[in-house]
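# Structural overview
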Amino acid sequence: MVELILATYGLGCWLVFKKFKLVPINTYSVCTAFLGGFAILFGLMIILSICHPCSHDGRFYATVVQIVPQVRGRVVEVPVTFNKSLKAGDVLFRIDPRPFQLEVDRMEAMLAGMNAKVAQLDARRASARAATEVAESDLLVSESEFDRQARISIESADAQVDAVQSRLKLAQTNLDRIKQLDATGAISKQELDTEITRVEALTAELAQATNAQLSAQEKLQSGGNRLKSMQNELKQAQAQEREAVIALEAESDGMNPDVRQTMAELEHKRWELEQTVVSAPSDGFVTQITLRPGQMVSSFNTNAAMLFIPKEKRFLVASYPQNAIAGIEPGLEAELAFEALPGQIFKAKVVNVMGIIAQGQFVGTGQLQSTVAASASDNVPVLFEYGEELDALNVPTGAQVSIAVYTHNFHVLSILRKIILRIKSWENYAFFMKNFDSLH
């Protein structure tokens, strides 16, 4: 840029002083020309840097997915090819599955044993339940027989009490009549004693019948010995059934906890076996394949086993000084000049100015944050949108590109920035000069 401005200004001075001799050459005019040229150069550099900034550190960026296996093991196969397109699910590499298959077989055998044990417990519970049902049936039968016998005993006792009461009433009536006759001397003393003895006998018989009636009622209320025996057998059968149920149905979400734990471990082992085949997470390709069969890989390794590049549009980002960011806004036109494509200019547009830069972050490290070092760059990244023609070009990700942004301020001077950018692009043809410099 400086060379172009100086050459243009020098040509103008030559035309004014030498060719057309419009201004005489003296100390005053020469000093004025030099100072004027310096002022023009300085002013143009400031205007172009702020109003139409150009960044030479623009690059394509791509998201890199670190492929880290979920299990530890020895690599047995790496079927992928360098930079070859892959589909989601294509195999990247395989880990020796034999140790994991053995673990799956062991857990399946353990689960089979647990299921057999559960089946035995279930049979025990079924047997206990059958015994309980038999005891309940016997109890019902015993209760029915006892109720019938008890009712017969009560009915017989009631009938006996009624009969004795009737005879006692009749005997009492006869005793009262004989006592009246005895007062008149119509009957003998022996007849009176006979009736008194009969009433006393019937009274004793009534008391006995009443006791039998009360005994029958108490027997009905409390139950007999056989009934009590049946009740005890039922309680014992129910207790055995509860023990069998507790042994089988000490459940966690409807499943025996031992069986549930074994199934969970088996599922985990099967998942680990599946992880021995590491697949592509999406469409893309693998670059810089250094993994080889025989190497050990682990999820705890600090280095990724493989780097995967997803098939998605790359980011075009360049950084600009903070004093030029105020004029950059989404939608502004920009031009690109790739070092890898000398002499070619491509169009782009500003998408977004990053709202935060690395120097403005606080990372939770458990230590007090210090200020940013004086040597740290304060440039602000800007994201650009580019056309499909760039995707079709053979430009590697990370390639350097110069990006000029044309703002609305001093727009007439954007032609100067465009000229300078094109000169920069033509300079990229002289790549041999850079190689020559590198030899020294």
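Fair warning: this is a prediction, and the values are worked out from it, not measured in the lab.

## Quick notes on helix α2 (residues 27–51)
- An ideal rise of 1.5 Å per residue puts 36 Å on 25 residues; α2 measures up with 35 Å between its terminal C-alpha atoms.
- Of the positions making up α2, those classed as buried are S29, A33, G37, L41, L44, L48 and C51.

## Considering the pattern of salt bridges
- Tallying each qualifying case throughout the model produces nine salt bridges.
- Ionic pairing is found between D96 and R74, a salt bridge with its closest N-O pair at 3.5 Å. Separated by 22 residues along the polypeptide, D96 in the loop between β4 (91–95) and α3 (98–184) and R74 in strand β3 (residues 73–77) bring together distant segments of the chain.
- We note a salt bridge from E77 to R94, for which the minimum N-O separation is 2.7 Å. Remark: R94 occurs in strand β4 and E77 occurs in strand β3; sequence separation between them is 17 residues.
- A relative accessible area of 29% means that R94 is categorised as partly exposed.
- If you follow the salt bridges from partner to partner, you end up with E103, R106, K269 and E272 in one network.

## Some points on unusual backbone geometry
- Here N83, not a glycine, exhibits a phi torsion of approximately 60°, which is positive.
- Of note, N83 is situated in the loop between β3 and β4.
- On the basis of relative accessible area, N83 is assigned to the partly exposed category, the value being 39%.
- At Q288, a residue that is not glycine, the phi angle is positive and equals roughly 50°.
- Checked against the element boundaries, Q288 lands in the loop between β6 (284–287) and β7 (296–297).

## Some points on the nonpolar core
- One finds Y320, L336, F338, F384 and I403 to be the most contacted residues of the largest nonpolar core, which totals 26 residues.
- Each residue touching F338, except ones within four places of it in the same chain, is listed here: F60, Q344, F346, L390, V395, Q400, V401 and N428.
- The next biggest cluster of nonpolar side chains, apart from the first, holds 19 residues, and it includes V80, A280, A305 and M306.

## Things to note about the sheet that holds strand β12 (residues 380–386)
- One closed barrel accounts for six strands, arranged β1-β9-β12-β11-β10-β13; its pairing is antiparallel. Sheet twist, expressed as the mean angle between neighbouring strand axes with direction ignored, is 40°.
- Sheet topology places strand β1 (residues 54–61) next to strand β9 (residues 315–320); three bridges connect them, and they run antiparallel. Looking across to β9, one finds that R59 is bridged to V317.
- Contacts between helix α9 (residues 414–427) and the sheet are confined to β1, β10 (333–338) and β13 (400–405), with β10 contributing the most and set at about 20° to the helix.

Thresholds applied
- Residues numbered from 1 in each chain as written.
- Predicted model: local features only at pLDDT ≥ 70, side-chain atom pairs only at ≥ 80, totals over all residues.
- Heavy atoms only, no water.
- Helix = DSSP H or I, 4+ residues; strand = E, 2+ residues; numbered from the N terminus.
- Expected span 1.5 Å × (residues − 1).
- Buried < 20%, exposed > 50% of the residue type's maximum accessible area, 1.4 Å probe, protein only.
- Salt bridge = Lys/Arg side-chain N within 4 Å of Asp/Glu carboxyl O.
- Core = buried A, V, L, I, M, F, W, Y, C linked by side-chain atoms within 4.5 Å.
- Contact = heavy atoms within 4.5 Å.
- Pairing = 2+ DSSP bridges.
- Axes fitted to C-alpha atoms, helices over the stretch in contact; angles between N-to-C directions.

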